[in-house]
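Descriptive structure summary
What follows is each chain in one-letter form.
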Amino acid sequence: MQTAKSVAKNRRHISPFEISLYIFFGLLAVITIYPFYNVFIVSLSNTIANATHTPYLYPHVIDLTGYKTIINDPYFFKSLRTTLFVTIVGTALNMLFSVTAAYVLSKKRLVGRNIILSVILFTMLFSGGMIPTYLVVSGLGLTNSIWSMILPCLINTYYLIIMKNYFASLPPSLEEAARIDGANEFVVLTRIYIPISAPFMATFALFYAVERWNEWWNAFLYINDKSIKPLQIYLRDVLVNFNSQLATQAQSIMSSQGKVFVQSIQMATIIITMLPILCVYPFVQKYFVKGVMVGSVKE
């Protein structure tokens, strides 16, 4: 049995510097989390609670009028359907084109490889501008189309360069062994490179999915049809232009005849909008460290 002296000796000493770091990052975490917590508290509030209890440190009342109002709005589900389509289909196409392009560009035997890379890098520094881009999208007939949120941002140049460098860092013996067994380019990519790069691919798939979920700029420029606008545009309309239809719905849901608390509906919209991606994020978070460590594969 260990004596009290040996236990005390084995116990790790925490220095004052480490304590100060814990306090600093703890406060930083509170500062980061509190705005989201405050949004959640306000979404459960009503006019009376807002007038008598400020600021919000804990929920003084649980009023689900804001959530019921948003769920009863038909345009919310139309926007949600659009965003889900853009996120799922857009992320799949993003990964398809990015991975295949990165694999091809990682091969030094590609004819004109340096020229292609130079052109791709040029797009990271200079762009055509808003008006030329709009003319291109309009000329392709993508205005008022859900594809205007997917096709113009099919490949992220920065992600493409990282993927290319990663594929170039993999041991050449992997491809050589597959070539000896008669594998072609498609088999090497799908049977060799992608399986060993699963954490790496999951990381970038999450990055693309977050971008597609938060997509609003292309929709703001190219889409006028309210029925296919994404969730972020719906959120913007609720925050900036709270319309009378939502107010009427909220009033009909409220049991009392009090004044509709607009902020609760707006905050409820924010919570509902960010909840799905927050639920997915923790499950993919574990791949971040693995995605970095995959590059340490040695022959």
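Residues numbered from 1 in each chain as written. Predicted model: local features only at pLDDT ≥ 70, side-chain atom pairs only at ≥ 80, totals over all residues. Heavy atoms only, no water.

1. Some points on helix 2 (residues 16-43)
Its 28 residues give helix 2 an end-to-end C-alpha distance of 40 Å, which sits within 8% of 40 Å, the value for a rise of 1.5 Å per residue. Maximum bend of helix 2: about 35°, positioned at Y34, with proline P35 one to four residues after it. Among the residues making up helix 2, those that are buried are E18, V39, I41, V42 and S43. (Helix = DSSP H or I, 4+ residues; strand = E, 2+ residues; numbered from the N terminus. Expected span 1.5 Å × (residues − 1). Bend = angle between axes of the 7 residues up to and from the residue. Buried < 20%, exposed > 50% of the residue type's maximum accessible area, 1.4 Å probe, protein only.)

2. Re the packing of aromatic side chains
A complete count under the given rule lists 21 aromatic pairs for this structure. With 5.7 Å between their ring centres and 85° between their planes, F85 and W147 make a pair best called edge-to-face. On the criterion of sequence distance, the pair formed by F85 in helix 5 (residues 74-105) and W147 in the loop between helix 7 (130-139) and helix 8 (157-169) is long-range, its members being 62 residues apart. Seen from their ring centres, F200 and F204 are 4.9 Å apart, and the 55° between their planes marks the pair as tilted. Here F204 and F200 lie together in helix 11 (residues 198-213), a separation of four residues that amounts to about one turn. Accessibility classification places F200 together with F204 in one group, the buried group. Following the ring pairs from residue to residue traces out a cluster consisting of Y103, Y158, Y159, Y166, F167, Y193, F200, F204, F207 and Y208. (Phe/Tyr/Trp six-rings, centres within 6.5 Å; stacked < 30°, edge-to-face > 60°.)

3. A short note on helix 10 (residues 185-196)
Along its 12 residues, helix 10 runs 16 Å from first to last C-alpha, staying within 8% of the 16 Å computed at 1.5 Å per residue. Considered for burial, the residues of helix 10 that qualify are V188, L189 and Y193. Here the buried residues of helix 10 occupy an arc of 90° about the axis, which is enough to place them on one side. More than 90 degrees from the buried face of helix 10, the exposed residues found are F186 and R191. Between the side-chain oxygen of the N-cap and the backbone nitrogen of F186 there are 3.3 Å, and the N-cap of helix 10 in question is N184. (Arc of directions from axis to C-beta. Polar contact = N/O pair within 3.5 Å; in protein donor to acceptor, adjacent residues only side chain to side chain.)

4. So, the layout of surface pockets
Estimates place the volume of the largest pocket at around 670 Å³. Looking at the lining of the largest pocket, the elements with two or more residues in it are helix 7, helix 11 and helix 12 (217-222). Approximately 220 Å³ is the volume found for the second largest pocket. Sorting the residues of the lining of the second largest pocket by element identifies helix 8 and helix 9 (172-180) as the ones contributing at least two each. Per-element tally for the lining of the second largest pocket: the top contributor is helix 9, with three residues. (1 Å grid on protein atoms, 1.4 Å probe; cavity = no way out; pocket = protein on both sides within 12 Å on 5 of 7 lines; lining within 4 Å. Points joined across faces, edges and corners; volume = space filled by probe spheres on them.)

5. As for the packing of helix 5 against helix 10
It is at 12 Å that the axes of helix 5 and helix 10 come closest, and there the two elements cross at 110°. The angle between the axes of helix 5 and helix 10 places the two elements in the roughly perpendicular class. Contacts between helix 5 and helix 10 pair V99, T100 and Y103 from the former with E185, V188, L189, Y193 and I194 from the latter. Counted by class, the contact of helix 5 with helix 10 contains six nonpolar, one polar and one charged residues. (Axes fitted to C-alpha atoms, helices over the stretch in contact; angles between N-to-C directions. Parallel < 35°, antiparallel > 145°, perpendicular 65-115°, else oblique. Contact = heavy atoms within 4.5 Å. Nonpolar A, V, L, I, M, F, W, Y, C, P; charged D, E, K, R; others polar.)

6. Quick word on the environment of T100
With respect to the helices and strands, the residue T100 is situated in helix 5. According to the relative accessible area criterion, T100 is partly exposed, its value standing at 31%. Along the sequence, T100 and T190 sit 90 residues apart, while their C-alpha atoms lie 9.9 Å from each other. Only 2.7 Å separates the side chain of T100 from the backbone oxygen of L96, close enough to count as a polar contact.

7. Describing the pattern of salt bridges
All told, the structure shown has eight salt bridges when counted by the stated rule. For E211, the salt bridge identified is with R212, shortest N-O distance 3.9 Å. The exposure class assigned to E211 is partly exposed, which follows from its relative accessible area of 27%. Within this structure, K107, R109, E175, R179 and E185 form a network of salt bridges that share partners. (Salt bridge = Lys/Arg side-chain N within 4 Å of Asp/Glu carboxyl O.)

8. A few points about the environment of I162
Mapped onto the elements, I162 comes out in helix 8. The partly exposed category is assigned to I162, whose relative accessible area is 27%. Spatially, the C-alpha atoms of I162 and A102 are 8.3 Å apart, while their sequence positions differ by 60 residues.

9. Some thoughts on unusual backbone geometry
Its identity as a non-glycine residue notwithstanding, N144 has a phi of 55°, on the positive side. Positionally, N144 belongs in the loop between helix 7 and helix 8.

10. Observations regarding the side chain of N94
Along the chain, the position of N94 falls in helix 5. Relative accessible area serves as the criterion here: at 0%, N94 is assigned to the buried category. Among the polar contacts listed, one links the side chain of N94 to the side chain of R212, at a separation of 3.0 Å. Leaving out residues up to four positions away in the same chain, N94 has contacts with C153, L154, I155, Y208 and R212.

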